[in-house]
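Given next are the chains, with one letter for each unit.
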Amino acid sequence: MDIKIPKKPWYVRYRMYLLGGAMLAALMVYALVLQLGPRTLKVEMTDEQIAVVTEGEFLEYIDVNGVVCPATSMRVNATESGTVERICCHNGDVLRRGDTILVLSNPKVLEEMAAERQSYELQQMQHRQQLIEMQQKSITLRSQALQADFELKKMSKDFELAEEEARMGVRSQAQLEVARDEYEYNRRRTLLNIESLQQDSVLNMIGRQLIQQQMAMEAQKLGNSNRRREALVILAPTDGQIGNLNAVIGGQVSAGEQVGEIGVLTDYKVTARLNEYYIDRVQTGLPATSMLKGTEYSFEVSRTTPQVQEHSFAVELKPTPIPSPREGEKWRFGQTLRLQIELGKPERRLIIPRGSFYAQTSGQWMMKVDETGHRARRVPIKIGRQNTEHYEVISGLSAGDRVLVSGYEAFGDAEVVEW
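The rules we used
- Residues numbered from 1 in each chain as written.
- Predicted model: local features only at pLDDT ≥ 70, side-chain atom pairs only at ≥ 80, totals over all residues.
- Heavy atoms only, no water.
- Helix = DSSP H or I, 4+ residues; strand = E, 2+ residues; numbered from the N terminus.
- Buried < 20%, exposed > 50% of the residue type's maximum accessible area, 1.4 Å probe, protein only.
- Contact = heavy atoms within 4.5 Å.
- Pairing = 2+ DSSP bridges.
- Axes fitted to C-alpha atoms, helices over the stretch in contact; angles between N-to-C directions.
- Salt bridge = Lys/Arg side-chain N within 4 Å of Asp/Glu carboxyl O.
- Polar contact = N/O pair within 3.5 Å; in protein donor to acceptor, adjacent residues only side chain to side chain.
- Patch = residues over 30% accessible without salt bridge, like charges linked within 9 Å, V, L, I, M, F, W, Y side chains within 5 Å.
- Areas by Shrake-Rupley, 256 points an atom, 1.4 Å probe, with all protein chains shown as cover.
- Phe/Tyr/Trp six-rings, centres within 6.5 Å; stacked < 30°, edge-to-face > 60°.
- Lys NZ or Arg CZ within 6 Å of the ring centre and 35° of its normal.

Chemist: For this particular structure, what's the right way to read the overall build of the protein?
Modeler: On a plain count of helices and strands, the protein comes out with 6 helices and 24 strands. The proportion of buried residues among the 419 residues of the protein is 32%. For the protein, long-range pairs separated by at least 24 residues make up 77% of all intrachain contacts whose partners lie at least 6 apart in sequence.

Chemist: Is there a simple way to explain the sheet that holds strand β16 (residues 312-319) in this structure?
Modeler: The strands that make up a sheet are held in pairs by hydrogen bonds between backbone atoms, and each pair lies either parallel or antiparallel. Ordered in space as β4-β13-β16-β15-β14-β17, the 6 strands form a closed barrel in which the pairing is antiparallel. Between one strand and the next, the sheet's axes are offset by a mean angle of 40°, whatever the strand orientation.

Chemist: Help me understand the pattern of salt bridges in this model?
Modeler: Pairing is possible between side chains that carry opposite charge, provided their charged atoms lie close to one another. Per the stated rule, a full pass over the model turns up 13 salt bridges. With a shortest N-O distance of 3.3 Å, Asp 63 and Arg 338 are connected by a salt bridge. Of this pair, Asp 63 sits in strand β4 (residues 61-70) while Arg 338 is found in strand β17 (residues 336-342), placing the two residues 275 residues apart along the sequence. According to the relative accessible area criterion, Asp 63 is partly exposed, its value standing at 27%. For the salt bridge of Asp 401 with Lys 368, the shortest nitrogen-to-oxygen distance reads 3.6 Å. Of this pair, Asp 401 sits in the loop between β22 (390-395) and β23 (402-404) while Lys 368 sits in strand β19 (residues 365-369), and the two are 33 residues apart along the sequence. Look at Lys 368 and you get partly exposed, because its relative accessible area is 28%. Here the residues in one salt-bridge network are Glu 60, Arg 281, Glu 347, Arg 349, Arg 385 and Glu 392, joined through shared partners.

Chemist: When you look at the side chain of Ser 406 in this model, what are you seeing that I'm missing?
Modeler: Topologically, Ser 406 is positioned in the loop between β23 and β24 (416-418). For Ser 406, a relative accessible area of 12% gives the class buried. There is a polar contact of 3.3 Å between the side chain of Ser 406 and the side chain of Gln 49.

Chemist: Which parts of the structure should I look at to understand a nonpolar patch on the surface?
Modeler: Among the surface-exposed residues, Val 202, Leu 203, Met 205, Ile 206 and Leu 210 lie close enough to one another that they form a single nonpolar patch of about 440 Å² accessible area. One can find Leu 210 in helix α4 (residues 173-231).

Chemist: Would you mind going over unusual backbone geometry with me for this structure?
Modeler: With phi around 55°, Asn 244 is a residue other than glycine that occupies positive phi space. With respect to the element layout, Asn 244 can be found in the loop between β10 (240-243) and β11 (252-253). At His 311, a position not held by glycine, the phi torsion is positive, near 65°. Summarising the element assignment, His 311 is placed in the loop between β15 (295-304) and β16.

Chemist: Is there a simple way to explain the packing of aromatic side chains in this structure?
Modeler: The geometry of an aromatic ring pair comes down to the distance between the two centres and the angle between the two planes. Evaluation of the coordinates by the stated rule reveals 7 aromatic pairs. Between Phe 357 and Tyr 408 the ring centres are 6.2 Å apart and the planes differ by 35°, which places this aromatic pair in the tilted class. Pair noted here: Phe 357 is in the loop between β18 (347-353) and α6 (358-361) and Tyr 408 is in the loop between β23 and β24, with a separation of 51 residues, a long-range link. Comparing Phe 357 with Tyr 408, the two get one shared label, buried. Centroid distance Tyr 358 to Tyr 391: 5.0 Å. Interplanar angle 10°. Geometry classified as stacked. One end of the pair, Tyr 358, is in helix α6; the other, Tyr 391, is in strand β22, with 33 residues separating them in the sequence. Tyr 358 sits in the partly exposed class, given a relative accessible area of 25%. Among the aromatic residues, ring-to-ring pairing joins Phe 357, Tyr 358, Trp 365, Tyr 391, Tyr 408 and Phe 411 into one connected group. One residue, Arg 378, lies across the ring of Trp 365, its end atom 3.8 Å from the ring centre.

Chemist: What's the story with the sheet that holds strand β3 (residues 54-58) in this structure? I'm lost.
Modeler: As summarised here, the arrangement of the 4 strands in space is β3-β18-β22-β21, forming an open sheet in which the pairing is antiparallel. This sheet does not close on itself; its edge strands, each paired only once, are β3 and β21 (382-386). On average, each strand axis in the sheet is inclined to that of its neighbour by 60°, with strand direction left out of account. For β18 and β22, the ladder comprises 3 bridges, and the chain directions are antiparallel. Each residue of the ladder has a partner; that of Ile 352, found in β22, is Tyr 391.

Chemist: What should I look at first to understand the pairing of strand β13 (residues 268-275) in this one?
Modeler: In the case of a regular strand, side chains alternate between the two sheet surfaces. In terms of strand pairing, β4 meets β13 through 5 bridges, oriented antiparallel. Of the residues in β13, the one forming a bridge with Val 68 is Val 270. Sheet topology note: the β13/β16 ladder contains 6 bridges and is antiparallel. Looking at the pairing, Thr 271 lines up with Glu 316 of β16.

Laid out in structure tokens, this is it:
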């Protein structure tokens, strides 16, 4: 006899399919949760990679290399062209005023000088002959003036004698009148003679003065010619250190060409180039510091140049106060100093130590450590100013927060890291 087997419920018959579908749905939900939730990454972490946000003194400054230069320098130019015959010093040598730098040779200058010397001597002989002739003429004029004066006095006495004779009756009145007319005529003629002699004497004296002036001018011209020969020897114009000496034996030097530069050793300055980002913030008067052989020196920005070249501009700094001569011996032109130019006064700000995280985040976000101390989550922040030690935190973090400051290259796009 057949036994009727009751029909199983559908959920029993399809239990394997239902179980498989539930597992598949669970897997899909898990994958969706992972996709929508924060991406977590397991990493290894050390205490050195974690820093604490603190509130402290923040000083913004620029760390830059500067080069020591003389505050005052003088160009050394050649006043005469020529061929370099001898070089008497080298770059970096300390010279005294009047020390020889270069010796030039120029045969053409020497020939012109010899011709000018010969012309000078010939003209001097001619002028001396003219002076002798004028001197003789002056003696003649004085003799003629003396003779005219004698004749005038003699005529005056003869007329007085004629008047005396007329009073005594020896001469008639008519004879006296004739004598008076002769006397008056001879007197006036003699006075004219004397006046003419005086004018000739003045002209003679002026002529001699002109000749003497010409002789002085020719002597000065000869002196200038001699200085041309002296100019072939180039001397140091002041005490200092020679630099930029680019002459070579046998090389040609043109008149007016710069052959070197003398840096005065009594004063210094430091030149540096800064990124154009700071061009509106660096002004004259800003303080700076530098360490040299264990001693800290103070500086002040003394000059800025607004011209930007290759994304940078130049500044000059002077030491304050000026180093003493003994301290100045530590300085050498051309040496490099590490400078810190302060851009303001210290301020109380939230700060974090500098780290390599900035290369990946550009200061837009950081990994903030939670309360467990073994997990860090990405949080948005805003970084402001910076110096060689710290970043200024503007928003996104609070004092006491701990953050990761190491590089984030290995984190990829993870939003949470654990260790």
